2 protein chains.
Amino acid sequence: MDHDTDLPGHVERVLARFLHESGARILATEPGFASGVDSLTEFVLRGGKRLRPTFAWWAWRGAGGEDTDAEGVLQAVASLELVQACALIHDDLIDSSGSRRGRPTVHVAFADLHTSQQWSGLPSSYGLAMAVLIGDLALAWADDMFAAAPLPAATLAAARPVWRAMRTEVLAGQCLDIHTQATGDASPEAALRVSRLKTAAYTVERPLHLGAVLAGAPSAQVAALREFGRELGTAFQLRDDLLGVFGDPSVTGKPAGDDLREGKRTLLIALGLRQAGPAQAEVITAALGNPALSEKEVDQVRATLREAGAVSAVETRIDELTGTALSALRQAKLTEPATTALADLAARATQRTH
Amino acid sequence: MDHDTDLPGHVERVLARFLHESGARILATEPGFASGVDSLTEFVLRGGKRLRPTFAWWAWRGAGGEDTDAEGVLQAVASLELVQACALIHDDLIDSSGSRRGRPTVHVAFADLHTSQQWSGLPSSYGLAMAVLIGDLALAWADDMFAAAPLPAATLAAARPVWRAMRTEVLAGQCLDIHTQATGDASPEAALRVSRLKTAAYTVERPLHLGAVLAGAPSAQVAALREFGRELGTAFQLRDDLLGVFGDPSVTGKPAGDDLREGKRTLLIALGLRQAGPAQAEVITAALGNPALSEKEVDQVRATLREAGAVSAVETRIDELTGTALSALRQAKLTEPATTALADLAARATQRTH
C-alpha cells in the first residue's frame, strides 16, 4: 500500500489537515485564540518518531485491514499523536523542563513571550496557564480527530474501548510515576508498574491493540499482538532507563545522567539498590534527585551500577523480553510486510542509542 | 417524565455510576491510581448546580425528545459535568485558588497530603502534577461518557459537532481570559468576547444546542434556542460580574470584592473605566489586581462604579438581554413543561444573589 513507504509523512499529512481545519473553525469564532492554536500545531508538526501510529498501522495492515479503510485508519491512529502532545506538554510543565527537541517547552515559550512583552503578572504563571490549556486542547482534539475518522460506525465503535483504556492508562501511569518519586518507593516492582502503564501499555500494546481491532482481527490474533506489545514495551522502557544514565549526550540530546538528576525511579536503579552493598547503595541514593550532580559523580554512579550487576541484569532482561516478544509476533501470524516491519521496529526500539 | 422532578439527582446518579464503573476498571489494572480516581469522583459528586446538563435536558425535552432515549440523553448531558470538572480543577490551579465549595482545591489538597506525609520534593510541585493529571482524567472521561451514552448511533453522531465546538470554545475563552488579564486590555469589547465564549457559549448556548440536536429539532427551533442561550448567557455573566464586586460574602461564599483583587477584566470594570473621570478611573485601576485590597478600598471602588453609571448600565443591559432571551424562547415553541422550566432558569440566573 502507498502509505507503507512513508508512514510518518502520511501521519503528518492527516495531522496537518485536521489541525488546520479545527484551527480555522475556532479562529472564525475567536481570532484571539491564534497563539494557542499555532502553538499546538507547531508542537505536533515539529516532528517525532510517530511511534504509536506506526505500531497501530502495522497491526491493522498485518491483521488484514481493508484497503478502502486506509485513510480512515490513518486518521484514527494519527490522533494518538494528539494524546501524546497533551502528555508531553503537561509532563514538561510538571517536570519544569526547559526544552524539548531543541526548542523551549510550551510553558517556557509563553513565559518568555510574557517577559518580552512586559505584560502584567508573573511570566511563569502565564506560561503555566497556557501550557495547561494547550495540553487540554490537544486532548480534546485527540478525541475529536478519532471520533471524526471516516470509518464505518461499527469499526470505530469496536475500537473505542481500546481508545478509552489507553487514555486512562497513561494518566494512571503518570500519577503513579509522580507518586513513586514522591514516596521514594525504591522497589523494582514499583518501577515495573510505572513502565508497564506508561510505556508497555500506552506506547506499544494499546496502539497495536487499536490497529488490530480496527482491522476486525480475531481474538487469538489480538491476544498475540498484545503480548508482543507488552513484552516489547517493557524492553523499550528498560533501554530508555539505560540510555537515561549511560546515553551519549551527543546522540540522546539530553545531558549525561539526566535521569539521575531528576531522581527517576527506574528498574535499573531499583536493581542497583537491591544488589549493591551498603557503600555502593549510598553512592546511588546520594546521586538520585540531586540537580547539581557533576559529570564525575555521574561516572561514579555508572561504575557502581555496573559493579552491582544491575546493568548486565537489565541487558539480560531486555534480551529475554525481546525474545518472547518476537515469539508472540510469530504467533500473531500477520501478513507481510507487517511482520517484518514490526520485527524491525522491535529491533530498533530495543537496540537504539537514543 | 420521572426525571423532570429531580434532574440534579438523576444527573448525579448517572455520574456516580459512570465514575464507579470507570474507576473499577482502571483500579483492577492499577490499584495505585485510587487517590486520583477518588479525588475526581469526590470532586464531581460533591455538588454543584448541574446547570449545563439542566439546560441541555430541557432543550431536549421541549424539542420533543423520545421517552425511550431519556436515560441515554441523561448520560450524554451529564458528561458536561466532567468537562466542567476539568475546567474548574485546572482553573483553580491557574488562579492559585485555595478553596472551592468550602473544601481545599485539588492542587492544595494534594500539596497538603505531601506535607503531612513528609514525602520528598516540593509539596506544591506534587499538588500541581496531580491537579494537571486529574483534570486531564476528567476531560478524557467526559469524552468516554459522552461516546458511551446508550443512544442510537445517528443521534450521537448528530450531536458530536456541538460537543466538539463546545470543548474548543471553553478552552479558547479561558486562553483569551488569561491573555486579556496579562495584556491589561481594558476594553468592553475584550470583556464581552471572553464572556461570550466562557459563559454564553459554553454554559448556556451549547448545552441547549446539544439537547436540541439530540432531540432532532428542526433548524429554526435550534436557532431560536441558541439565540435564547446567547442572550441569557451574557446576562448571566453580567450578573456574575456584579456579584463579584457587590455580592454579599455570606451568600456568595467568596470574600467581598474578590474579582477586584484578582484583577478580573469584566464589562462592569470596562464600563467603569470608560465612563469615569480621570480621578475615578485611577481609583478603579489602582484596586484592580491588588491582592491586599482592604474592605474600605473595595467600598470606594463600589461607590466609584455606581457614580460613573457603570452599575446602572450593566443592570439595564441585563434587563435588555433577559427580554430578548425570553422572546427567543417563545419563538422556539418548545412543549411544556420545558418553556416554563427554562424561563424559571432564566429568571434565577439573572436575578440570583450567588
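Calculation criteria
Residues numbered from 1 in each chain as written. Chains lettered and ligands numbered in written order. Predicted model: local features only at pLDDT ≥ 70, side-chain atom pairs only at ≥ 80, totals over all residues. Heavy atoms only, no water. Helix = DSSP H or I, 4+ residues; strand = E, 2+ residues; numbered from the N terminus. Buried < 20%, exposed > 50% of the residue type's maximum accessible area, 1.4 Å probe, protein only. Contact = heavy atoms within 4.5 Å. Buried area = accessible area lost by both parts, 1.4 Å probe. Salt bridge = Lys/Arg side-chain N within 4 Å of Asp/Glu carboxyl O. Polar contact = N/O pair within 3.5 Å; in protein donor to acceptor, adjacent residues only side chain to side chain. Nonpolar A, V, L, I, M, F, W, Y, C, P; charged D, E, K, R; others polar. Domains from an automatic or database assignment. 1 Å grid on protein atoms, 1.4 Å probe; cavity = no way out; pocket = protein on both sides within 12 Å on 5 of 7 lines; lining within 4 Å. Points joined across faces, edges and corners; volume = space filled by probe spheres on them. Least-squares fit on C-alpha atoms with pLDDT ≥ 70 in both. Expected span 1.5 Å × (residues − 1). Arc of directions from axis to C-beta. Phe/Tyr/Trp six-rings, centres within 6.5 Å; stacked < 30°, edge-to-face > 60°. Lys NZ or Arg CZ within 6 Å of the ring centre and 35° of its normal. pLDDT = per-residue confidence, 0-100. Axes fitted to C-alpha atoms, helices over the stretch in contact; angles between N-to-C directions. Parallel < 35°, antiparallel > 145°, perpendicular 65-115°, else oblique. Left-handed = near helix turned anticlockwise from the far one by under 90°.

S.K.: Would you mind showing me how to read unusual backbone geometry here?
M.R.: Trans is the common state for peptide bonds, and a negative phi is the common state for residues other than glycine. The omega torsion of the bond from A:Glu336 to A:Pro337 falls at 5 degrees, within 30 degrees of zero and hence cis. With respect to the helices and strands, A:Pro337 occurs in the loop between helix 17 (310-331) and helix 18 (338-351). Backbone geometry places B:Ser96, a non-glycine residue, at a positive phi of 55 degrees. Examined against the element boundaries, B:Ser96 turns out to sit in the loop between helix 6 (80-94) and strand 1 (99-100). Owing to a relative accessible area of 59%, B:Ser96 belongs among the exposed residues under this scheme. In this structure, B:Gln118 is a non-glycine residue whose phi angle is positive, near 55 degrees.

S.K.: Honestly, the interface of chain A and chain B in this entry has me stumped. Any pointers?
M.R.: By convention, interface size is frequently given as the accessible area that disappears when the constituent parts associate. The interface is formed by 48 residues belonging to chain A together with 48 residues belonging to chain B. Approximately 4500 Å² of surface area, both sides summed, lies buried where chain A meets chain B, with 68% of it carried by carbon and sulfur atoms. Taken together, chain A and chain B are joined by four salt bridges. One salt bridge connects A:Asp144 with B:Arg167, and the closest N-O pair in it is separated by 2.8 Å. Counting every contact that joins chain A to chain B gives 16 residue pairs in polar contact (both at pLDDT 80 or more). At the level of secondary structure, the elements contributing two or more residues to the side of chain A that touches chain B comprise helix 2 (7-29), helix 6 (80-94), helix 8 (123-147), helix 9 (153-183) and helix 10 (188-214) of chain A. No other element matches helix 9 of chain A, which puts 15 residues into the side of chain A that touches chain B. When its residues are assigned to classes, the side of chain A that touches chain B shows 26 nonpolar, twelve polar and ten charged.

S.K.: Explain the domain arrangement of chain A to me, please; I cannot follow it from the model alone.
M.R.: All names here are of chain A. Looking at chain A, the domain boundaries give domain 1 (1-47 + 80-148) and domain 2 (152-354). Computed from C-alpha coordinates alone, the two centres of domain 1 and domain 2 are separated by 25 Å. Contacts between domain 1 and domain 2 engage eleven residues on the former and 13 residues on the latter. Taken over both partners, the interface formed by domain 1 and domain 2 buries close to 1200 Å², and the fraction arising from carbon and sulfur atoms is 65%. On the domain 1 side of the contact with domain 2, Leu80, Val83 and Phe146 bury the most area, a combined 52% of that side's loss.

S.K.: How should I be thinking about the environment of B:Ala129 in this particular structure?
M.R.: Relative to the elements of secondary structure, B:Ala129 occurs in helix 8 (residues 123-147). Exposure remark for B:Ala129: the relative accessible area of 1% places this residue in the buried category.

S.K.: I would appreciate a short explanation of empty space enclosed by the protein in the present structure.
M.R.: Regions of empty space are outlined by a rolling probe, equal in size to a water molecule, passed over the atoms. All told, the structure shown has five cavities of 30 Å³ or more when counted by the stated rule. The calculated volume of the largest cavity comes to roughly 80 Å³. Looking at the largest cavity, the residues that line it are A:Leu133, A:Asp136, B:Val83, B:Cys86, B:Ala87, B:His90, B:Leu139, B:Arg167, B:Val170, B:Leu171 and B:Gln174. Listed by contribution, the elements that provide at least two residues to the lining of the largest cavity are helix 8 of chain A together with helix 6 and helix 9 (153-183) of chain B. Each residue belonging to the lining of the largest cavity can be placed in one class, and the counts come to seven nonpolar, two polar and two charged.

S.K.: Where do I start with the relation of the copies chain A and chain B in this structure?
M.R.: Relating one copy of the chain to the other requires a rotation about an axis plus a shift along that axis. Aligned on chain B, chain A shows an RMSD of 0.0 Å; the corresponding rotation is 180 degrees and the shift along the axis is 0.0 Å. What the superposition gives is, in effect, a two-fold axis relating one chain to the other. An overlap of 100% is found between the interface residues of chain A and their copies at the interface of chain B, pointing to a shared contact surface.

S.K.: Which parts of the structure should I look at to understand helix 18 (residues 338-351) of chain B?
M.R.: Structurally, the α-helix is built with 3.6 residues per turn, so residues lying three or four positions apart point the same way. Residues and elements named next belong to chain B. An ideal rise of 1.5 Å per residue puts 20 Å on 14 residues; helix 18 measures up with 20 Å between its terminal C-alpha atoms. Within helix 18, burial applies to Ala338, Thr339, Ala341, Leu342, Leu345, Ala346, Ala349 and Thr350. Buried residues of helix 18, viewed axially, fall in a sector of 165 degrees; they line one side. Exposed side chains of helix 18 directed beyond 90 degrees from the buried face belong to Arg348 and Gln351. Buried residues along helix 18 sit in contact with helix 4 (51-62), helix 10 (188-214), helix 11 (219-246) and helix 17 (310-331).

S.K.: Would you explain the packing of aromatic side chains in this entry?
M.R.: Each aromatic ring pair is summarised here by two numbers: the centre-to-centre distance and the angle between the ring planes. Going through the model one piece at a time under the given rule, you end up with ten aromatic pairs over all chains. The cationic tip of A:Arg101 hangs over the ring face of A:Phe43; the distance from NZ or CZ to the ring centre is 5.9 Å.

S.K.: Would you mind showing me how to read the layout of surface pockets here?
M.R.: The volume enclosed by the second largest pocket comes to roughly 500 Å³. As for the second largest pocket, its lining consists of 19 residues, of which A:Ala147, A:Leu156, B:Ala153, B:Ala157 and B:Arg160 are closest to the centre. When grouped by side-chain class, the residues that make up the lining of the second largest pocket number 14 nonpolar, no polar and five charged.

S.K.: Just checking my understanding: could you explain the side chain of A:Gln174 for this structure?
M.R.: Here A:Gln174 shows up in helix 9. In this structure A:Gln174 comes out as buried when scored by relative accessible area, which is 5%. In this structure the side chain of A:Gln174 is engaged in a polar contact, spanning 2.8 Å, whose partner is the side chain of A:Asp91. Not counting residues up to four positions away in its chain, the partners in contact with A:Gln174 are A:Ala87, A:Asp91, A:Lys198 and B:Leu133.

S.K.: For this particular structure, what's the right way to read the environment of B:Thr335?
M.R.: As for its placement among the helices and strands, B:Thr335 is situated in the loop between helix 17 and helix 18. Excluding residues that lie within four positions of it along the chain, B:Thr335 makes contacts with B:Arg61 and B:Gly62.

S.K.: Would you take a moment to explain the side chain of A:Thr350 for this structure?
M.R.: As for its position among the elements, A:Thr350 is in helix 18. Setting aside residues no more than four positions away along its own chain, A:Thr350 makes contact with A:Leu232, A:Ala235, A:Phe236, A:Arg239, A:Ile318 and A:Thr322.

S.K.: Would you mind showing me how to read the confidence of the model for chain A here?
M.R.: If pLDDT is low for a region, its predicted coordinates should not be looked at in detail. Residues at a pLDDT of 70 or more form 99% of chain A, whose mean pLDDT is 93. Between the elements of chain A, mean pLDDT differs from a low of 75, seen in helix 12 (residues 249-252) of chain A, to a high of 98, seen in helix 8 of chain A.

S.K.: Sorry if this is basic, but what is going on with the packing of helix 8 of chain A against helix 6 of chain B here?
M.R.: Angle between the axes and distance between the axes: these two values describe a pair of packed helices. Across the interface, helix 8 of chain A lies against helix 6 of chain B with an axial gap of 9 Å and an inter-helix angle of 165 degrees. Comparing the axis directions of helix 8 of chain A and helix 6 of chain B gives the class roughly antiparallel. For the crossing formed where helix 8 of chain A meets helix 6 of chain B, the hand is right-handed. When helix 8 of chain A is examined against helix 6 of chain B, the residues A:Leu128, A:Ala129, A:Val132, A:Leu133 and A:Asp136 are found in contact with a partner set consisting of B:Cys86, B:His90, B:Leu93 and B:Ile94. Of the residues that constitute the contact of helix 8 of chain A with helix 6 of chain B, the class distribution is seven nonpolar, one polar and one charged.

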